[in-house]
Amino acid sequence: MTWASIDLNADLGEGFGRWRLTDDEELLSVVTSANVACGFHAGDAATMRRVCERAAERGVRIGAQVSYRDLAGFGRRAMDVPSAELAAEVAYQIGALEVFARAAGTRVAYVKPHGALYNRVVHDMEQAGAVVEGVLLADDRLPVLGLPGSRLLEAADKAGLPVVTEAFADRAYTDEGTLVPRGTDGAVITEPDAVVERSLGLARFGTVTSHGGQQIAVRARSLCLHGDTPGAVGLAREVRARLEESGVRVEAFA
């Protein structure tokens, strides 16, 4: 099966003060959706404003990448946050980004959790429900981007929010279709040819080879390329070029 189109998203705005991790300017010339850090795992007010302005100029959709409050751990440390607190913090992050999106003449178009929160809400219905409650507090029409089969998308669908499935070209999958934990050898795929071939397989056929060597189904409307992967910009350009050469349109889902 060949997909008519697919969205390309990347994590952007992952800096703080004078420190920058992602090449936002160049990635915004390639991707169709930008997951913008909202200040809890990375990002600050000036960075959020700048990325929103650049994204609006280039017609790139802006997504709120919400996370646990964990600047020191880049949002990748496991945390236990009470549901009511997490819901409020998700809404807070979306609201902060919305200010800068509107000032740039656009708006927040979707929500995607980051790091430890993303992985937690694959299985944890309580935390997934808290994220959905936070989205509803901010805007009850916002699409939620997440892993196929996750509790997050289940909870979002039940709440009446649009759901969008996502795949990762540069992350290894378990045989069950979840992401291999980052501490595991081979969890992050950096070899350019492998990332490109996985992107084509995900976009055209909805399949990928798992870490255990199994061919598994991963049906996704959006494809993520991490902005902090070595050579991320060149890799993103190559992926987009190869997708378009194969007849897959690259366009935003929102």
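To be clear, the structure that these remarks concern was listed above.
Reading the values: rules and limits
Residues numbered from 1 in each chain as written. Predicted model: local features only at pLDDT ≥ 70, side-chain atom pairs only at ≥ 80, totals over all residues. Heavy atoms only, no water. Helix = DSSP H or I, 4+ residues; strand = E, 2+ residues; numbered from the N terminus. Rg over C-alpha atoms; globule rule 2.2 N^0.38 Å. Contact = heavy atoms within 4.5 Å. Areas by Shrake-Rupley, 256 points an atom, 1.4 Å probe, with all protein chains shown as cover. Lys, Arg positive; Asp, Glu negative; His and termini not counted. Charge placed at Lys NZ, Arg CZ, Asp CG, Glu CD. Axes fitted to C-alpha atoms, helices over the stretch in contact; angles between N-to-C directions. Parallel < 35°, antiparallel > 145°, perpendicular 65-115°, else oblique. Left-handed = near helix turned anticlockwise from the far one by under 90°. Expected span 1.5 Å × (residues − 1). Buried < 20%, exposed > 50% of the residue type's maximum accessible area, 1.4 Å probe, protein only. Polar contact = N/O pair within 3.5 Å; in protein donor to acceptor, adjacent residues only side chain to side chain. Patch = residues over 30% accessible without salt bridge, like charges linked within 9 Å, V, L, I, M, F, W, Y side chains within 5 Å. Salt bridge = Lys/Arg side-chain N within 4 Å of Asp/Glu carboxyl O. Pairing = 2+ DSSP bridges. Right-handed = clockwise from strand over helix to strand, strands pointing away. Phe/Tyr/Trp six-rings, centres within 6.5 Å; stacked < 30°, edge-to-face > 60°.

Considering the overall build of the protein
Within the protein, the secondary structure is distributed over eight helices and 12 strands. Relative to the 2.2 N^0.38 estimate, which gives 18 Å for 254 residues, the radius of gyration of the protein is 17 Å and therefore close to what a compact globule would have. Looking at the protein alone, contacts between residues at least 24 apart form 72% of all its contacts between residues at least 6 apart. Total accessible area computed for the protein in this model is approximately 10600 Å², and 50% of it derives from carbon and sulfur atoms. Across the protein, 27 positive and 35 negative side-chain charges occur, with their mean positions spaced 3 Å apart.

Regarding the packing of helix α7 (residues 192-205) against helix α8 (residues 232-245)
Relative orientation of the contacting elements α7 and α8 amounts to 40°, with a least axis distance of 10 Å. Comparing the axis directions of α7 and α8 gives the class oblique. Crossing geometry of α7 relative to α8 is assigned as right-handed. For the pair formed by α7 and α8, the contact residues are Pro192, Val195, Val196, Glu197, Ser199, Leu200 and Ala203 on the first element and Leu235, Glu238, Val239, Arg242 and Leu243 on the second.

Points about helix α5 (residues 125-138)
Relative to the 20 Å expected for 14 residues at 1.5 Å per residue, α5 spans 20 Å between its end C-alpha atoms, a close match to the ideal helical length. Buried within α5 we find Gln127, Ala128, Ala130, Val131, Val132, Gly134 and Val135. Where α5 starts, the residue carrying a side-chain oxygen 3.0 Å from the main-chain nitrogen of Glu126 turns out to be Asp124.

Some points on a negative patch on the surface
There is a patch of like negative charges on the surface, built from Glu191, Asp193, Glu238 and Glu245. Along the polypeptide, Glu238 turns up in helix α8. Residue classification places Glu238 among the partly exposed residues on the basis of a relative accessible area of 37%.

Some details on the side chain of Arg171
When you line up the elements, Arg171 lands in the loop between β8 (163-168) and α7. Within the buried core, Arg171 has no salt-bridge partner, and the shortest N-O distance to an opposite charge, that of Asp170, equals 6.2 Å. Side-chain polar atoms of Arg171 contact the backbone oxygen of Val180, separated by 2.4 Å. With residues up to four places along the chain from it excluded, the contact list for Arg171 reads Leu179, Val180, Pro181, Arg182, Ala187, Val188, Ile189, Arg198 and His226.

Side note on the pairing of β8
Here strand β7 (residues 144-146) pairs with β8 via three bridges, running parallel. From the neighbouring strand, Val144 faces β8, where its bridge partner is Val163. The handedness of the β7 to β8 crossover, carried by helix α6 (residues 151-158), is right-handed. Alignment of β8 against strand β11 (residues 222-224), held across three bridges, turns out to be parallel. If you follow Ala167 over to β11, its bridge partner there is Leu223.

Quick notes on the packing of aromatic side chains
Evaluated as defined, the whole model comprises three aromatic pairs. Ring geometry for Tyr118 versus Phe168: centroids 5.6 Å apart, planes at 90°, classification edge-to-face. Residue Tyr118 is found in helix α4 (residues 115-123), and its partner Phe168 is found in strand β8; the two are separated by 50 residues along the sequence. For Phe168, a relative accessible area of 3% translates into the label buried.

Considering unusual backbone geometry
Of note, Phe74 is a non-glycine position whose phi angle comes to about 55°, a positive value. Relative to the helices and strands, Phe74 resides in the loop between β5 (61-66) and α3 (83-103). Taking relative accessible area as the criterion, Phe74 reaches 13% and is therefore assigned buried.

None of the figures reported here should be taken as evidence of function without further support.
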